[in-house]
Amino acid sequence: MLRRQLLHFGAFTLAGVPPGLVRAQQVAPRKLVVVMLRGAVDGLSVVAPYGEPAYAAARPDIALAPPGREDGLLRLDALFGLHPALAPLQPRWQDGSLAFVHASGSPDPTRSHFDAQDYLESGTPGRKATPDGWMNRLLAALPGEPSPTRAISQGATPPRIFAGPASGIASLGLGPQALRHRAIDDPQLQAGLSRLYAGDPALAATLRETTAGRAEISRRMGGDAPAMDPSADGGAPSARSFAADARRLGVLLRKDPHTQLAFTSVGGWDTHVNQGGARGQLAGHLGALGQGLAALADGLGDAYRDTVVVVISEFGRTVRQNGSGGTDHGRGNVIWLLGGPVAGGRVLGEWPGLDDAALVDRRDLAVSTDFRQVIAPLLQRHLGLDEAGLAAVFPQGPGRWRGADQLLRS
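Residues numbered from 1 in each chain as written. Predicted model: local features only at pLDDT ≥ 70, side-chain atom pairs only at ≥ 80, totals over all residues. Heavy atoms only, no water.

Asker: Can you lay out the sheet that holds strand β2 (residues 47-48) for me, pointing to particular residues and giving the numbers?
Answerer: Read across the sheet, 3 strands follow the order β2-β4-β3 without closing on themselves; strand pairing throughout is antiparallel. Looking at the sheet topology across the chains shown, the edges are occupied by β2 and β3 (74-75). Bridge count between β2 and strand β4 (residues 81-82): 2 bridges; the pairing is antiparallel. Each bridged residue has a counterpart across the sheet, and for V47 the counterpart in β4 is L82. (Pairing = 2+ DSSP bridges. Helix = DSSP H or I, 4+ residues; strand = E, 2+ residues; numbered from the N terminus.)

Asker: Could you give an account of the pattern of salt bridges, with specific residues and numbers?
Answerer: Within the structure shown, the criterion is met by 19 salt bridges. Notably, a salt bridge pairs D95 with R92, separated by 4.0 Å at the nearest N-O pair. Look at D95 and you get partly exposed, because its relative accessible area is 43%. Put simply, E350 and R402 hold a salt bridge, and the shortest N to O gap is 3.3 Å. Here E350 is found in the loop between β11 (347-348) and β12 (369-370), whereas its partner R402 is found in the segment after α13 (387-393), with 52 residues between them in sequence. Given a relative accessible area of 34%, E350 falls into the partly exposed group. Assessed through its relative accessible area of 69%, R402 is described here as exposed. Members of the salt-bridge network, linked through shared partners, are R111, D361, R363 and D364. (Salt bridge = Lys/Arg side-chain N within 4 Å of Asp/Glu carboxyl O. Buried < 20%, exposed > 50% of the residue type's maximum accessible area, 1.4 Å probe, protein only.)

Asker: A description of unusual backbone geometry should follow, citing residues and the corresponding values.
Answerer: Look at D71: it is not a glycine, yet its phi comes out positive at around 55°. Backbone geometry places A103, a non-glycine residue, at a positive phi of 55°. Locating A103 in the fold gives a position in strand β5 (residues 98-105). A relative accessible area of 0% places A103 in the buried class.

Asker: Could you give an account of the pairing of strand β1 (residues 31-37), naming the residues involved and the relevant values?
Answerer: Most of β1 sits inside the fold, with 7 of its 7 residues counted as buried. Of the two faces of β1, the one lined by K31, V33, V35 and L37 and the one lined by L32, V34 and M36 are each fully buried. As paired strands, β1 and strand β9 (residues 307-313) are joined by 7 bridges and run parallel to one another. From the neighbouring strand, V34 faces β9, where its bridge partner is V310.

Asker: Go over the side chain of Q321, please, and point to the residues and values.
Answerer: Residue position: Q321 is located in the loop between β9 and β10 (333-338). Among the polar contacts listed, one links the side chain of Q321 to the side chain of D61, at a separation of 2.7 Å. Every residue in contact with Q321, bar those within four places of it in the chain, is listed here: A58, R59, P60, D61, I62, G326 and T327. (Polar contact = N/O pair within 3.5 Å; in protein donor to acceptor, adjacent residues only side chain to side chain. Contact = heavy atoms within 4.5 Å.)

Asker: How would you explain the confidence of the model for the chain if you had to name every residue and give the values?
Answerer: Residues of the chain with pLDDT of at least 70 account for 82%, and the chain-wide mean is 86. Here residues 1-25 is a poorly scored stretch, pLDDT under 50, and it has 61 contacts once near neighbours within four places are set aside; other chains count. Segment residues 223-239: pLDDT under 50, and 32 contacts once partners within four positions in sequence are set aside and those in other chains are kept. (pLDDT = per-residue confidence, 0-100.)

Asker: Give me the environment of D71: which residues, what numbers.
Answerer: With respect to the helices, strands and loops of the structure, D71 is situated in the loop between α4 (53-58) and β3. Among the residues examined, D71 registers a relative accessible area of 32% and is labelled partly exposed. Along the backbone, D71 and A85 are 14 residues apart, and their C-alpha atoms lie at a distance of 9.3 Å. Excluding residues that lie within four positions of it along the chain, D71 makes contacts with P84, A278 and R279. In this structure the side chain of D71 is engaged in a polar contact, spanning 3.0 Å, whose partner is the side chain of R279.

Asker: Kindly report on the packing of aromatic side chains, identifying the contributing residues and their values.
Answerer: Overall, the coordinates contain 4 aromatic pairs when judged by the stated rule. Taking 5.1 Å as the distance between ring centres and 90° as the angle between the ring planes, the aromatic pair formed by F80 and W351 counts as edge-to-face. Pair noted here: F80 is in the loop between β3 and β4 and W351 is in the loop between β11 and β12, with a separation of 271 residues, a long-range link. Of the residues examined, F80 reaches a relative accessible area of 5% and is grouped as buried. Note on W134 and F394: the rings are 5.5 Å apart at their centroids and 45° apart in plane angle, and the pair reads as tilted. One end of the pair, W134, is in helix α7 (residues 134-141); the other, F394, is in the segment after α13, and 260 residues separate them in sequence. (Phe/Tyr/Trp six-rings, centres within 6.5 Å; stacked < 30°, edge-to-face > 60°.)

Asker: Please give an account of the side chain of K31 that cites residues and values.
Answerer: Tracing the backbone through its elements, the reader meets K31 in strand β1. For K31, which is buried and forms no salt bridge, the nearest opposite charge comes from D256, at a distance of 6.4 Å. At a separation of 3.1 Å, a polar atom in the side chain of K31 contacts the main-chain carbonyl oxygen of L253. A distance of 3.3 Å separates the side chain of K31 from the backbone oxygen of D256, its partner in a polar contact. For K31, the contacting residues outside a window of four places in its chain are L253, D256, P257, T259, Q260, D306, T307, V308, H382 and L383. (Lys, Arg positive; Asp, Glu negative; His and termini not counted.)

Following this line, the structure appears as structure tokens:
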């Protein structure tokens, strides 16, 4: 059992690289962070189409007021406005590093959270037999030198999106306890395990990578530990806890030049009842998320200019509010793009409209842009993936989106 635990610990414990290798790295790589909103966030409240009369008519109790009114939307353009709880992100919109792709999502029609999240993480909508996640395949196809911390998974358990044979995925827990001293950090235990596994090259190598890596991460992150929120152990994505975790992830991405990929998730978006408008349940969650994304950008520091953050959810919610003051499972949603390389300050995508004839099943915003069509150009233009690598990451090939060239700065 100890052997299995140690192998699992080595595969998923936050590790680093020897200082000599860090000094040899001269240029920080481009980075991609994926933030998954589990539970299906209401994209029609995140980026609300206030310019369409059908929007307010369909949501008499939860529609957000137009820009300029009390508790009104933050104006993005003549059609769309940003939820006022996301005001912490407004500076990123104004500096051109925040964009949205509306009416986007999965082409599969499921309204099951489990299936939709599985398809989003496997990258193969409609195919349940896919054994690995698209970020694991991306890690295998990524050009450049491998590293024990080339990818970071933040959370209590390894996510589906990183499942697969590719190595180099380290795990960062939630809350300040994620960085606390553990038994494996004790020199006497390390020496004993080293003697115990001297005859097993694989275990010995895993032990060396794990202990050296934890020491290096402790050195890198030590200066930031006092600033972490000591109350952030609850697990729920409150404004304080998510902001602290997001900032911690950003600092790690900035301080470790070998890390290129990261994934984290936030729950609480299944708003069937009492969703609220500018205030209430959804507004509270969006306020936490906005503060967290702003903290992530702050933690990235100079690395923000080389990082793209993708915020995505499994599907959207119904256009019309339900009898409980909420919204039910829908289809089209909005993808958020944040970071220095993003050609922001725009709402992209082909907007199908909210007229009854344009809705799916006369209830849902249509999906006019496949989520893979948004991610694919980021993998190629930002991370340098070639056509063969892209085909390995997204084997079903969703086809090219005509807005792909508009996502990133030239």
